[in-house]
Amino acid sequence: MINLSLPSPANLLPPPPKTLNPSRQKTPPTQTLKNPNFEHLKTRLIHQASVGHLRQAISTLDLMTQQGLTPDLFTYSLLLKSSIRTRQFHLGKLVHARLSESQLEPDSVSLNSLISLYSKNNDWVTANTIFENMGERRDVVSWSAMISCFSHNDMESKAISTFVKMLEFGEYPNQFGFAAVIRACSNAENAWIGDVIFGSVIKTGYFESDVCIGCALIEMFAKGSGDFDSAKKVFDRMPDKNSVPWTLMITRYSQMGNRKEAVELFINMVESGYMPDKFTFTSLVSACAELGQLSFGQQLHAQVVKYGLAFDVCVGSSLVDMYAKCAEDGSMVNSRKVFDLIPDHNVISWTSIITGCGQSGKHSKEAIELYCRMIEDQVLPNHFTFSSLFKACSNLSDPDTGEQIYAHVVKMGLAAVNCVGNALISMYARSGRMEDARKAFDILFEKNLVSYSTIVDGCTKNIDSNEAFGVFHQIEDTGFVLDSFTFASLLSGAASIGAVAKGEQIHARLLKAGFESNQHIANTLVSMYSRCGNMEAALRVYSKMERLNLVSWTSIITGLAKHGFATRALEMFQEMLNADIKPNEVTYIAVLSACSYVGMIDEGWKHFNSMYKEYGISPRMEHYACMVDLLGRSGFLEEAMQLINSMPFEADALVWRTLLGACRVHGNIALGKQAAEMVIEKEPNDSAGYILLSNLYASVGQWNEVAEIRKTMKKKNLGKEVGSSWIEIENTVHKFHVGDTSHPQAEEIYKELDQLVTEIKEVGYVPDTSSVLQDVEDEQKEEFLLQHSEKIAVTFGLINTSKPKRITVFKNLRVCGDCHNAMKYISMVKEREIVLRDSNRFHHFKNGICSCNDYW
């Protein structure tokens, strides 16, 4: 039946309290029974204890003792049970002291009450001392109380071994003993023991007759082994369910990620006539928050009001969280309304509103202000509060405020808590302060996988992939099993610098780790390969995916668009629609970009107009920028300006910058100047607008205007981003700047480049000196063209690789017209495919032709 070889608990208990062993008088004095005042005081004491007025009851007890009237054991048991019921444990200990001072010998009932008292007060040592000294007075209630004590105090092994000792002692468990030991089996380590005990429960008949056992079994199956099918079977077979098992099932479904099932079960609960309580609503509202079901969440809110729970702090906190997570526009209006209605705020409600403000990124300053109010109200924050505050500081790029908050963390002794340390690492990383992020990581006492993943993610986002891969090797040394998030971060890091070889290594590692079927990983692989210039590999990963979700479709459409394969991208989009996958805002950015890259104006308008008409998606700033780019590239500058003027909101710097770039291509000085003024107005401290306007003037030879712009930039201390290109050879990234001579192979590179230019001139290459936006002689302009970083990087690739390997180069700025033309000739004379990714898109050069068809 049960394995009786389970180890007994170690004999590490302290000696029994002295109060348990005084000489006792077996019966109260006879005169007590005859005193007419005895029954009156006893009746008063019983009434006071039953209504929870325990202090008054103890005062009556003392009065009886002072008058020489000795209360009986029933009175003491009643007082002990009252202290347990009202959770006034300190008063229960006072009753225990009075009992010890009396001349009464405690019976099993009062001793069992004492075990329960100390158990619920988390004092398992005293409870066990009382239990061990009961000797022959131990009964099934005593054993059950002790098993429950160990289970309640997270001592599952002791609870199970005590259950086994009870059987050896000859006591057969009742429903309370079974429920207590089953609760001790509600973890992965002990779930198998619970299965054995479950068999005994069925034989005894308790399974279908006791709600407590049913709830314990639900807990064991759901939490212990994640077996929701068995948990649901137990629930369905319970004949006399009340709201407790309903709420338990709903809560466990919600907590374990089965949120749809939780919602469906709630509907069944209401239809079955059971009344939900605050715990039911808290779990359900949380499920709605995770599912993004605002409509159902609002219906639940109405039910909360109906049941009179609108002012409950737990329910209110879950509603605050739900409204924050479900607001499509990131609004906190409804969350603030709910928060303000809660009469007595605690750390949970404050943390909910602070977290809500920080998570959308739009109300991060408000999160800091709320924290100040929280401190003023003398509510102490916890580790979750601080984690949310660091996220708010990250959103604001305000690590200085974050450091002030960290001082509070240290003062409260929470610096060693993982989630706080991880949030601090993320804050520094997102603010670009990787040295501080690394320090925060290094001083974290107990690092977990999230800690390593956070620092890896920070390194990759700050384009420090070598550091990221170094941390990756540290993770392997620690023995942690890498998760999908870490692999995804490493793949993103490889993609950010175009390190396809490193990406391939990570791909091999994740295949070995068994993540090949993970949808999130597969989507990241598609993105990594496409961003690294290997669209064939991206398509291979995509074709092997068993299930495709919206992210899968959007990733492949974006990749095809960036590589200039617009027709294929639009075909993929239509396949997605045929598969009944609804596009979102990001999908439409990819579709409109595809149209822009090849000048498909009619197709672009068709998709732009269908966004809201067919799918209810209101165009955002990025969608208008795509359309402005599409019209501007095609030379329809006035139409682009009309579109900007018709926008339902004020155009931002991105839209005006897009128009300014098109004006430069088509030489429209007047409109370009207007666009530049708007860019500078929107972002006065960004050099991009000045540089684009300067280039526009330079392209038409207006050098005086160029000089004025450069003077203005110098006064404002605005610098131009230095152009650079990089290439990965044998797992090492080599980076080059304009005219770079710092590389060890510099002499060999320039010698080869001179020879290369001679070769391509022989087949028709003519340097395009209009790409040099400086007022110098043509001969010097041609020399400047020779020093462009992309030409240096491609030449380095030719020296260090052999046919037929393609050369893939990445550039931080837009490729110039001369380099674009030169790459076509180089691909022809060297019979090599060259892939160049600039700041805007990919160019595939092969046999003298570029994939963009010179439309870029």
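Residues numbered from 1 in each chain as written. Predicted model: local features only at pLDDT ≥ 70, side-chain atom pairs only at ≥ 80, totals over all residues. Heavy atoms only, no water.

Here the structure, examined in full by the defined rule, presents 2 cavities of 30 Å³ or more. Here the second largest cavity is characterised by a volume of approximately 30 Å³. Every residue along the wall of the second largest cavity is listed here: Leu-753, Leu-756, Val-757, Ile-760, Lys-791, Ala-822 and Ile-826. Elements that contribute at least two residues to the lining of the second largest cavity include exactly helix H42 (746-762) and helix H45 (817-829). Sorting elements by how many residues they give to the lining of the second largest cavity places H42 first, with 4 residues. Here the residues of the lining of the second largest cavity are counted per class, giving 6 nonpolar, no polar and 1 charged. (1 Å grid on protein atoms, 1.4 Å probe; cavity = no way out; pocket = protein on both sides within 12 Å on 5 of 7 lines; lining within 4 Å. Points joined across faces, edges and corners; volume = space filled by probe spheres on them. Helix = DSSP H or I, 4+ residues; strand = E, 2+ residues; numbered from the N terminus. Nonpolar A, V, L, I, M, F, W, Y, C, P; charged D, E, K, R; others polar.)

We now examine unusual backbone geometry. In this structure, the amide linkage connecting Lys-803 to the following residue, Pro-804, adopts the cis form with an omega of 0°. Turning to its location among the elements, Pro-804 is positioned in the loop between helix H44 (789-800) and strand S3 (807-811). Phi at Ser-397 is positive, roughly 50°, even though this residue is not glycine. Mapped onto the elements, Ser-397 comes out in the loop between helix H22 (383-395) and helix H23 (399-411). Positive phi is not limited to glycine here, since Glu-831 has a value of about 50°.

Turning to the UniProt feature "repeat: PPR" (unreviewed entry) in the protein chain, a few remarks are in order. In the numbering used here, UniProt assigns the feature "repeat: PPR" (unreviewed entry) to residues 139-173, 242-276, 346-381, 448-482, 518-548, 549-583 and 584-619. As a span, residues 549-583 carries 74% helix and 0% strand, and end to end its C-alpha atoms are 10 Å apart. Structurally, residues 584-619 comprises 81% helix and 0% strand, and the distance from its first C-alpha atom to its last is 10 Å. (UniProt positions renumbered as here; feature names shortened; annotations may be inferred.)

Once their charged atoms are close, side chains differing in charge can pair, the charge on each being opposite to the other. Applying the stated criterion across every chain, the model contains 25 salt bridges. Between Glu-366 and Arg-336 there is a salt bridge; the shortest N-O distance is 2.5 Å. Here Glu-366 is found in helix H21 (residues 364-376), whereas its partner Arg-336 is found in helix H19 (residues 333-341), with 30 residues between them in sequence. The shortest N-O distance in the salt bridge between Glu-603 and Lys-606 comes to 3.4 Å. Of the two residues, Glu-603 and Lys-606 both sit in helix H35 (residues 601-615), 3 residues apart, roughly one turn of that helix. Overlapping salt bridges, with partners in common, bring together Asp-400, Glu-403, Arg-433 and Asp-436 in one network. (Salt bridge = Lys/Arg side-chain N within 4 Å of Asp/Glu carboxyl O.)

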